[in-house]
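Structural characterization, general
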Amino acid sequence: MARVLTPQAEDFPRWFQDVVAKAELADNGPVRGTMVIRPYGYALWERIQADMDARIKTCGAQNAYFPLFIPESYLRREAEHVEGFSPELAVVTHAGGKQLDEPIVVRPTSETVIGEFMAKWVQSYRDLPLLLNQWANVVRWEMRPRIMLRTTEFLWQEGHTAHATREDAQAYAARILYEVYEDLMVNLLAIPVVVGRKTKQERFAGAINTMTCEAMTRDGKALQMGTSHELGQNFAKAFDIEYTSAAGVREHAWTTSWGSSTRMLGGLIMVHGDDDGLRVPPALAATQVVVMAVKAEVVDAVHKIAADLQNAGVRVVVDDRADIPFGRRAVDWELKGVPLRVELGPRDLEANVATLAKRLSGGKSPVPLGELSTEVPRLLAAEQATMLDAARTDRDARIAEVSTVDEAAEAAADGWAKLPWDTLGEAGEAKLAQSGITVRCLTRADGSLPDSDTEPGLVAYVARSY
C-alpha cells in the first residue's frame, strides 16, 4: 500500500495532522484555533456523547442548558477561579453597535452562572442533591492551538452538582470519574487510563480536589481525558448557595463539577492510530464494517450481505463505487480506521465466500457467505479486546519506575515515570516543570485513588503532556 501519511517515527505531530485531514475528521475553522468537525468525525463524537449521556443519567444527573454569555462580575465573585482562567477568557465589550455597561465573558466553563441559579433553586435539604449536566461549547483562548486537542472553541459536557455534605459531594465526584469517564474510556474507546488525584499545582482553579483520567499517546506523552472536581464550599459561599438543614440551620452546599470534551477524539487518534491512519474500536465505530464490491456485477450481492449484517446488529456501510479503483477505496477505508472490510468480487461470489480484512490486527481471510452474520460480530468483539490489551501493554512497557527527579526527567523523554511522591515533592515538581514535565496525577501504591495528597506512600506519575 502506498504511504499517504507522514510516518509517526519521522514526525508525530505532522502524522496527527495528516490523519485528521485525510481521514476526514476535522478541518481548521476560519478563526485561529477553531475547528470544523466533519461528518465522519462528528459521527464518532455522537457515539461518545450518546454513551456518556446514558451513563451520566444512570448516575442521576439531568441535562439542562445555561447561557453562552456570562456577566464578568460573576467570575469576579470567585477570585481564584477567574485568576485561573484570566489569560484564556474571550470578553465581549461591544454589542448592537454600542459599548456594553458591563463586559460579557464567553463561557470558559459554567460554574459561576450555574452557581447563580443553584442559589435560586436550592432552599431546603430536600432540594439536595441537585445534579445537573449540560452539553455545550466553551471558549478558551489558546495561545498554541492544536486541532482536536487544544482548540479555542470545543464541544464538551460539563456536570455541576450541589450536595448537603462534603462526603456526599466527594463520593459523587468519584463516582462520575469511575463509572462515567474511566469505564467509557476503557470499554468504549479501548483506551487504558491511569486514574488519580491532581497535585495542588495542577488542581482546577477554585477546587479543593481534582481527579483525572490520564492516557498515554503513542509518542509517550500524557493526555488528560476527563476530570472531576470537588469544589468544596468555595462557589457556594461566593454565590450564596445555601439550604436549610433538617435541624433548621442554614448551611452552605458542597459543590462539584466535572467535564470531558472533543479532546477524546484526539486521544483516540493518538492512542490507537498507526502509519496507515486511524484505527477505531468496534464498540465506538459508527461504521463497524464496510462491504465492498470489487466489480459492478456483484453489487446486488454486496447489498444482500450488508442487509444480513445489519439484521445481526452490525453498523454497516456499502461501498459499491465500482467506477473507482478498488485499491484507492481500500486505502480510504484504512485511513478512516473502519474495523472490518468485507470484500466481494465475481470469483468470490462464484466460490460462495467473501474476504474479511481486519484493520485493527491486520490480515485477510476467506469466510463462507453463510457464516458472515455470526463471524463478523464475533470478530468485532475480539478486535475490541485486542485493541485494549495492545494499548495497555504498550503503555505499561513505557512507564519507568524511578527513584530520583533526574531519572524521572530522563524517562519522560519518550514515556512516563513513576516515583514516590515523598521523594519528588513540590520542590521536585517545580524542578521538572522548568523542563515542561508535569506530575500527571498521584495514586496509592495499589493504584487506587487517595483521599488527600498528604497520604503516606503515594506514587506520582510524571510525563510531558499535550
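Before reading on, note that the structure itself is shown above.
This text gives an overview of the structure that appears in the document.

Conventions we followed
- Residues numbered from 1 in each chain as written.
- Predicted model: local features only at pLDDT ≥ 70, side-chain atom pairs only at ≥ 80, totals over all residues.
- Heavy atoms only, no water.
- Helix = DSSP H or I, 4+ residues; strand = E, 2+ residues; numbered from the N terminus.
- Buried < 20%, exposed > 50% of the residue type's maximum accessible area, 1.4 Å probe, protein only.
- Contact = heavy atoms within 4.5 Å.
- Polar contact = N/O pair within 3.5 Å; in protein donor to acceptor, adjacent residues only side chain to side chain.
- Axes fitted to C-alpha atoms, helices over the stretch in contact; angles between N-to-C directions.
- Parallel < 35°, antiparallel > 145°, perpendicular 65-115°, else oblique.
- Left-handed = near helix turned anticlockwise from the far one by under 90°.
- Pairing = 2+ DSSP bridges.
- Nonpolar A, V, L, I, M, F, W, Y, C, P; charged D, E, K, R; others polar.
- Salt bridge = Lys/Arg side-chain N within 4 Å of Asp/Glu carboxyl O.

1. What to know about the environment of Asp 319
Tracing the backbone shows Asp 319 in strand E16 (residues 316–319). Here Asp 319 falls in the buried class, since its relative accessible area comes to 1%. The sequence separation of Asp 319 and Asn 187 amounts to 132 residues, and the corresponding C-alpha distance is 29 Å. Look past the residues within four positions of Asp 319 in its chain and what remains in contact with it is Val 290, Val 291, Met 292, Ala 293, Arg 329 and Trp 333. Reaching out from Asp 319, the side chain makes a polar contact with the side chain of Arg 321 at a distance of 2.9 Å.

2. Here we look at the packing of helix H9 (residues 299–311) against helix H12 (residues 372–397)
Put simply, H9 and H12 touch, their axes get as near as 9 Å, and they point 60° apart. Here H12 runs oblique to H9, going by the angle between their axes. Seen along the crossing, H9 lies across H12 with a hand that is right-handed. Along its contact with H9, which presents Ile 305, Asp 308 and Leu 309, the element H12 presents Leu 372, Ser 373 and Val 376.

3. With respect to the sheet that holds strand E17 (residues 340–344)
Strand order across the open sheet formed by 5 strands is E16-E15-E17-E18-E19, with mixed pairing between neighbours. Each of the sheet's edge strands pairs with one partner strand only, and the pair in question is E16 and strand E19 (364–368). Each adjacent strand pair in this sheet contributes to an overall mean axis angle of 25°, direction not counted. By the bridge criterion, 4 bridges tie strand E15 (residues 289–293) to E16 in an arrangement that is parallel. Each residue of the ladder has a partner; that of Met 292, found in E16, is Asp 319. Along the sheet, helix H10 (residues 326–336) contacts E15, E16 and E17; its crossing angle with E15, the most-contacted strand, is approximately 175°.

4. With respect to the packing of helix H1 (residues 12–22) against helix H8 (residues 263–272)
Contact geometry of H1 with H8 gives a least axis separation of 11 Å together with a crossing angle of 120°. Comparing their axes, H8 and H1 come out oblique. Here H1 runs over H8; the crossing is right-handed. Facing Phe 12, Trp 15, Phe 16, Val 19 and Val 20 of H1, the residues of H8 in contact are Gly 266, Ile 269 and Met 270. Taken together, the residues that form the contact of H1 with H8 break down as 7 nonpolar, 1 polar and no charged.

5. Examining the pairing of strand E5 (residues 90–95)
Note that E5 and strand E6 (residues 98–106) share 5 bridges and pair antiparallel. Bridge pairing in E6 links Val 91 to Val 105. Taking the residues between adjacent antiparallel strands as the criterion, E5 and E6 are bridged by 2 residues, where Gly 96 takes a positive phi near 60°.

6. Things to note about the pattern of salt bridges
Taken as a whole, this structure holds 27 salt bridges when the rule is applied. Note that Asp 51 is salt-bridged to Arg 55, the shortest N-O span being 2.4 Å. Taken together, the residues span about one helical turn, with Asp 51 and Arg 55 both in helix H2 (residues 39–58) at a distance of 4 residues. Owing to a relative accessible area of 17%, Arg 55 belongs among the buried residues under this scheme. Here Glu 343 makes a salt bridge to Lys 364, at a shortest N to O gap of 3.1 Å. Linking Glu 343 in strand E17 with Lys 364 in strand E19, this pair joins segments that are 21 residues apart in sequence. We classify Glu 343 as buried; its relative accessible area is 6%.

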